[in-house]
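# Residue-level structural notes
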Amino acid sequence: MQMQGLSLDQAPPYKIPMFYYIIASIYLVIFSILTIFYALQINSRYYYEAIAITHILTLGFFTHVMFGSLFQMVPVIIGVAYKNVTLKAKAILILLNMGTLCFVTGFFLANKIFMFIAALCLILALIYFAISTFLTIIKTEDKNPTVKTFLSALILLVFGVAFGIISLINHGSGFTSKNFADAHISSIFFGWLIMLISGVSYKVIPMFYVTKEYPLFIKNHFYWLLSLIIIILSLLTIFDSSAIALLKIILAITTLIFSITTIYLLKNRKRPRRDTTINLWYFSMINLSFVSIIWIYSIYFEKDLNFLLAIMFGLGFAYSIINGMLYKIVPFLTWFHLSSKMIFDAEMTLVIPSKYIKIQYNIYIVSYFIFLLAILFKPLVYPASFLFLVSSLILSYNIINAFKYYIKLNKPILT
């Protein structure tokens, strides 16, 4: 592991990212349970149940992990600490959970009041986080590609939230709701999620896996090119332009370049020892590559492959890479915070035993491929969802046990 350029003394309290991760893992379990009960009934992404369950994954799991990670990464990687980080993290966590729960309740009950409460809470949580993090990062004097990419991701998060809130408030009004929802999806998934992952990758891939640096062309140009494509695509989507298909193809090609580059770097790393987190990164980027290719195919030949693309992007790409990052970040965080308190009995390999990581990974992989087969034979969604639930429970167990490991070795004070 290469830790040059990290400002470890700027790290926030251990409990901040870990509380976000633990809550995220609980949402993942809830997502798995609801999938068992509702997946067979869903035939369109516009079903209320589909919207609710999707946002349990995106707001409940993805967003909690990403926010928790940024509270940790911004001070350590960028070198600038948040002001009043504990207070900010708690306020955002409360608002984010209130918003998520009201959002899900509103769609399951088709209740406009809960939807409006969700809109208010989510605006406060997401915009407050985006602005606070942006103003923290912008203070750094070193405007390197990771900094520029993070700033771009936060700007597109604000756009994505705005489109989503407009869609939520106008839900059921036809044109306005659908077009803003589509702009919301492209801004959040490609502008926020992929942009943020690319920025993290520029640091994490060379540091944890001892690879070469990403090519300067990608680091210096990917963030603004992707931002430009997303902004133009969002505007075209809102106004229902005929040029939407072309922009989507360009977006898919741009994403494909990033995923193939990441696969190349991992394959040619200096220490080719395999572990489960490497497998998760490979699996994620392979899925992103296939998503890009299949998306281009579906646009060009006008094929409806939305369910396939949703599974491959959500569960194959996004979930896999977040799962892999958790298994790198959590042991490192735990070891680092214990070591900084002069507790040298801590070992990264003991925080989350590798055998539990491998079990969770193997069950997840099997569930994923059964999910894909369920597109052809829908009843397979039951065993797929059940296995994904088992995998989610193990992931939650692993994260909670890491927290317990920290408490056990840090008996005097929990900070």
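What you are looking at is a predicted structure, and each value in this text was computed from that prediction instead of being measured.

### Brief notes about the layout of surface pockets
Taken as a whole, the second largest pocket spans an internal volume of roughly 660 Å³. What lines the second largest pocket is a set of 22 residues, among which Arg273, Asp275, Thr277, Lys328 and Thr349 lie closest to the centre. Those elements giving two or more residues to the lining of the second largest pocket turn out to be helix 6 (175–209), helix 9 (276–300), helix 10 (306–339), helix 11 (348–351) and helix 12 (354–374). Broken down by element, the residue count for the lining of the second largest pocket peaks at four residues, all from helix 10.

### Comments concerning unusual backbone geometry
The phi torsion of most residues other than glycine is negative, and most of the peptide bonds are trans. The phi angle at Asp240 is positive, at roughly 55°, despite the residue not being glycine. Within the secondary structure layout, Asp240 lies in the loop between helix 7 (216–238) and helix 8 (244–267). Non-glycine residue Met342 carries a positive phi angle of around 65°. Within the secondary structure, Met342 is located in the loop between helix 10 and helix 11. Given the relative accessible area of 59%, Met342 is considered exposed.

### A short note on the state of the cysteines
Considering all chains together, one arrives at zero disulfides under this definition. The cysteine Cys102 is free of any disulfide, with Cys121 supplying the nearest cysteine sulfur at 5.6 Å. Accessibility expressed as a relative area gives 13% for Cys102, which makes it buried. By relative accessible area, Cys121 is classed as buried at 6%.

### Focus: the environment of Ala183
With respect to the helices and strands, the residue Ala183 is situated in helix 6. Classification of Ala183 by relative accessible area gives buried; the value is 0%. Along the sequence, Ala183 and Leu235 sit 52 residues apart, while their C-alpha atoms lie 7.7 Å from each other. Excluding residues within four positions of it along the chain, Ala183 makes contact with Phe163, Ser234, Thr237 and Ile238.

So, how was this worked out
- Residues numbered from 1 in each chain as written.
- Predicted model: local features only at pLDDT ≥ 70, side-chain atom pairs only at ≥ 80, totals over all residues.
- Heavy atoms only, no water.
- 1 Å grid on protein atoms, 1.4 Å probe; cavity = no way out; pocket = protein on both sides within 12 Å on 5 of 7 lines; lining within 4 Å.
- Points joined across faces, edges and corners; volume = space filled by probe spheres on them.
- Helix = DSSP H or I, 4+ residues; strand = E, 2+ residues; numbered from the N terminus.
- Buried < 20%, exposed > 50% of the residue type's maximum accessible area, 1.4 Å probe, protein only.
- Disulfide = S-S within 2.5 Å.
- Contact = heavy atoms within 4.5 Å.

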